[in-house]
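# Inside the fold
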Amino acid sequence: MSTLEELGTEQTKKTFLRHGAREPFFGVKVGDMKKKLVKEVKKDQEVAQSLFSTGNSDAMYLAGLTVNPKLVSKELLEAWVQQAYWYMIAEYPVAWLTAESPYATELAMKWIQSDEEMVATAGWSTYSNYVSITPDDELDLGELAGLLERVRSTIHEEQNWVRSVMNGFVISVGSYVQPLHEQARDVAQEIGKVHVDVGNTACKIPLAEEYIRRVEEKGKLFKKRKTCIC
């Protein structure tokens, strides 16, 4: 925690506050965190887990980068998703860790049904990340197709950050899952622009159809990633 405090900057803190973080936290750039702390913390899984319980956003993010996803318990993931109070924690480290855990689709589907905005955000993001690292023949294509249709019919009525990750889900399926590529493109075209209140920030929500087309133009369609934890 002392090292995190040393790495924090007022500028990064101001940026994170605009995005939804709340005190207490230090404002540590993720790149600095990776250079200085990730390798060290990975050596002690007990420390990694205790970091998250501090409620400090920087420590929570670091914990998500360092806990071993193959050894993490379902109970820990369930506890963490309830503590992930803003999208940077729910959508990224919690979702990444869950996507690489043995409980990826089980928890993704459970969380997607939640009325809690950040829990549902983590659920959609977990599934988006899961399809990016999992061979198509190991995916439940019927379940994914059903989720695409759910996006088609409900995205514009969903909660704010849930709309963002649902849009990302369409992009992920369209980019990584060959058997569902055409369906994802069709859904992307139909949903069009997705409006998300990103607060006083410069963030923009990409057009899913345009994003998938750019992936195709770069020759990167259906190329799975080795890991989603980054």
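Figured I'd write up the structure that's included with this text. (Residues numbered from 1 in each chain as written. Predicted model: local features only at pLDDT ≥ 70, side-chain atom pairs only at ≥ 80, totals over all residues. Heavy atoms only, no water.)

Moving on, we come to the overall build of the chain. Helix and strand content of the chain: 14 helices and 0 strands. Start at the N end of the chain and walk to the C end: the helices and strands fall as α-α-α-α-α-α-α-α-α-α-α-α-α-α. Along the three orthogonal principal directions, the C-alpha set of the chain runs to about 50 × 40 × 35 Å. Counting the 230 residues in the chain, one finds 52% classified as buried. Look at the contacts in the chain between residues 6 or more apart in sequence, and 70% of them connect residues 24 or more apart. On the chain, roughly 11,100 Å² of surface is accessible, and the fraction owed to carbon and sulfur atoms is 48%. When the 28 positive and 33 negative side-chain charges of the chain are each reduced to one mean point, those points stand 8 Å apart. (Helix = DSSP H or I, 4+ residues; strand = E, 2+ residues; numbered from the N terminus. Buried < 20%, exposed > 50% of the residue type's maximum accessible area, 1.4 Å probe, protein only. Contact = heavy atoms within 4.5 Å. Areas by Shrake-Rupley, 256 points an atom, 1.4 Å probe, with all protein chains shown as cover. Lys, Arg positive; Asp, Glu negative; His and termini not counted. Charge placed at Lys NZ, Arg CZ, Asp CG, Glu CD.)

Time to look at the nonpolar core. Membership of the largest hydrophobic core comes to 80 residues, with the highest contact counts inside it found for Trp124, Tyr127, Val151, Phe169 and Val170. No other element matches the 9 residues that helix 12 (residues 160-176) contributes to this core. Among residues more than four places away in sequence, those in contact with Val151 are Trp124, Met166, Phe169, Val170, Val187 and Ile191. (Core = buried A, V, L, I, M, F, W, Y, C linked by side-chain atoms within 4.5 Å.)

For helix 9 (residues 104-112), every residue scored as buried is listed here: Ala104, Leu107, Ala108, Trp111 and Ile112. Down the axis, helix 9 shows its buried residues gathered within 130° of arc, on one side only. Next to the buried residues of helix 9 lie helix 7 (74-83), helix 8 (87-99), helix 10 (117-133) and helix 11 (141-154). (Arc of directions from axis to C-beta.)

A separate point is the packing of aromatic side chains. Under the counting rule described, the total for this entry stands at 11 aromatic pairs. Their ring planes at 25° and their centres at 6.4 Å tell us that Phe16 and Phe25 sit as a pair that is stacked. Accessibility expressed as a relative area gives 13% for Phe16, which makes it buried. Seen from their ring centres, Tyr127 and Phe169 are 6.2 Å apart, and the 70° between their planes marks the pair as edge-to-face. Of the two residues, Tyr127 is situated in helix 10 and Phe169 in helix 12; the sequence distance between them amounts to 42 residues. Overall, the relative accessible area of 0% leaves Phe169 in the buried class. Joined through ring pairs, the aromatic side chains of Phe16, Phe25, Tyr61, Trp86, Tyr87, Tyr92, Trp96 and Trp161 make up one cluster. One cation-aromatic arrangement involves Arg22 over Tyr85; the distance from NZ or CZ to the ring centre is 3.8 Å. (Phe/Tyr/Trp six-rings, centres within 6.5 Å; stacked < 30°, edge-to-face > 60°. Lys NZ or Arg CZ within 6 Å of the ring centre and 35° of its normal.)

On to unusual backbone geometry. Where the residue is not glycine, phi is negative for most of them; where a peptide bond is considered, it is trans in most cases. Following Glu23, the chain continues to Pro24 via a peptide bond in cis, the omega torsion being 0°. Of note, Pro24 is situated in the loop between helix 2 (10-19) and helix 3 (30-36). Positive phi values are uncommon outside glycine, yet Phe222 reaches one of about 65°.

Moving on: the pattern of salt bridges. Enumeration according to the criterion identifies 9 salt bridges in this entry. For Glu23, the salt bridge is made with Lys13, and the minimal N-O distance between the two is 3.2 Å. Of this pair, Glu23 sits in the loop between helix 2 and helix 3 while Lys13 sits in helix 2, and the two are 10 residues apart along the sequence. The exposure class of Lys13 is buried, given its relative accessible area of 14%. (Salt bridge = Lys/Arg side-chain N within 4 Å of Asp/Glu carboxyl O.)

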